[in-house]
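As a plain string of letters, each chain reads:
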Amino acid sequence: MISASDLSPAELAALLHFHADAGVDWLLEEEPVDRFAEFEAMKLTRQGARASQPRIDAPSQAPASAARAQTERRPAERQPAPSASPQSRNAPAIPDDQAIEQARFAAESARSLSELKTALEAFNGCNLKNSARSTVFATGDLESRIMVIGPMPGADDDREGIPFAGKAGQMLDRMLGAIGLDRQQIMLTNVIAWRPPGNRAPSVPEMEICRPFIDRQITLAEPKVLLLLGNFTARFFFGGNDTILGVRGQWRDVWISGTKIPAMASLHPQELLTAPINKRLAWNDLLAFKSRVRTEFPG
């Protein structure tokens, strides 16, 4: 095992960053513990204790009064222990369909993006919020009418409380800069406001609970164009099971609250960090997006 004292400061920082990205928030033990060995030792201890207990045979003819007393004691002795509360079992506070209705009501009640942010921060109907550090809302120019939407917060987004933070955010900044845009000039947001544990994909109920908030966000922002980044985001708005490589670079119309909005899907910056060869595909998408922005915002 490698000790922390054997690592350089840079190596230790990289290791801690790796653990944070994997969803590890803190360490619980100073030394590694073999839980399997502990469990086996506990079993052996219990088996030995049971074997050492003397066996007491009941008399063949017990007095009737003693038999009645034993029978009367059995119901109390066999009463089950009180069950844990729903909160201790991390069970949903309310059913999914009720949570969806509450999300719709909260979202539709917001008359501005600031009110929507407050409503989202106060909403407790999605279990993703219980494990996330931050409610990640939109940033940038909320009146730009150009929206870039990602899937869900990553580890860096969750720590900093903003969408597209960390290395993926730096990659996005370079992508936008290449077509003459800046993150402060456009609106950046995510479909899901809370980071799922371990960066797992949100479940279908979690998606439907979050849908009213992103739909309302788009309605209030009134964008003329949408840039959807990543496989999850493209499927969320376009439907179907196509991968991002199958739908990227194509202009499609999405309908939000009865309004048709042109949208293009492209690769997420994190995907470009993982597979740099795909940068050429993203570059073609960005050029097409730039051309559409110029058409929508002449001069």
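In this text, all values refer to a predicted model and were calculated from it rather than measured experimentally.

Draft legend 1. Seen up close, the packing of aromatic side chains. Scanning the entire structure with this criterion turns up 4 aromatic pairs. Here the aromatic rings of Phe236 and Phe237 are separated by 5.1 Å at their centres, their planes lie at 75°, and the arrangement is edge-to-face. On the basis of relative accessible area, Phe236 is assigned to the buried category, the value being 5%. We note Arg252 situated over the ring of Phe238; from NZ or CZ to the ring centre the distance is 5.0 Å.

Draft legend 2. Seen up close, helix α5 (residues 113–122). What α5 keeps buried is the set Leu113, Leu116, Ala119 and Leu120. For α5, the angular spread of the buried residues around the axis is 115°, confining them to a single face. Exposed side chains of α5 directed beyond 90 degrees from the buried face belong to Ser114, Thr118 and Ala122.

Draft legend 3. Highlighting helix α8 (residues 166–178). The terminal C-alpha atoms of α8, which comprises 13 residues, lie 19 Å apart, in line with the 18 Å expected from a rise of 1.5 Å per residue. Buried residues of α8: Ala168, Gly169, Met171, Leu172, Met175 and Leu176, and no others. Along α8, the residues classed as buried sweep out an arc of 160° about the axis, all on the same side. Facing away from the buried side of α8, by more than 90 degrees, are the exposed residues Lys167 and Arg174. On its buried face, α8 is in contact with β3 (187–190), β4 (225–229), α12 (269–274) and α13 (279–296).

Draft legend 4. Examining unusual backbone geometry more closely. The phi dihedral of Arg145 falls on the positive side, at around 65°, and the residue is not glycine. Mapping Arg145 onto the fold places it in the loop between β1 (139–140) and β2 (146–150). Looking at Arg145, the relative accessible area reads 34%, which means it is partly exposed. Positive phi, normally seen in glycine, also occurs at Ser257, with a value near 55°. Counting through the fold element by element, Ser257 comes out in the loop between β5 (251–256) and β6 (259–266). On the basis of relative accessible area, Ser257 is assigned to the exposed category, the value being 58%.

About the criteria used
- Residues numbered from 1 in each chain as written.
- Predicted model: local features only at pLDDT ≥ 70, side-chain atom pairs only at ≥ 80, totals over all residues.
- Heavy atoms only, no water.
- Phe/Tyr/Trp six-rings, centres within 6.5 Å; stacked < 30°, edge-to-face > 60°.
- Buried < 20%, exposed > 50% of the residue type's maximum accessible area, 1.4 Å probe, protein only.
- Lys NZ or Arg CZ within 6 Å of the ring centre and 35° of its normal.
- Helix = DSSP H or I, 4+ residues; strand = E, 2+ residues; numbered from the N terminus.
- Arc of directions from axis to C-beta.
- Expected span 1.5 Å × (residues − 1).
- Contact = heavy atoms within 4.5 Å.

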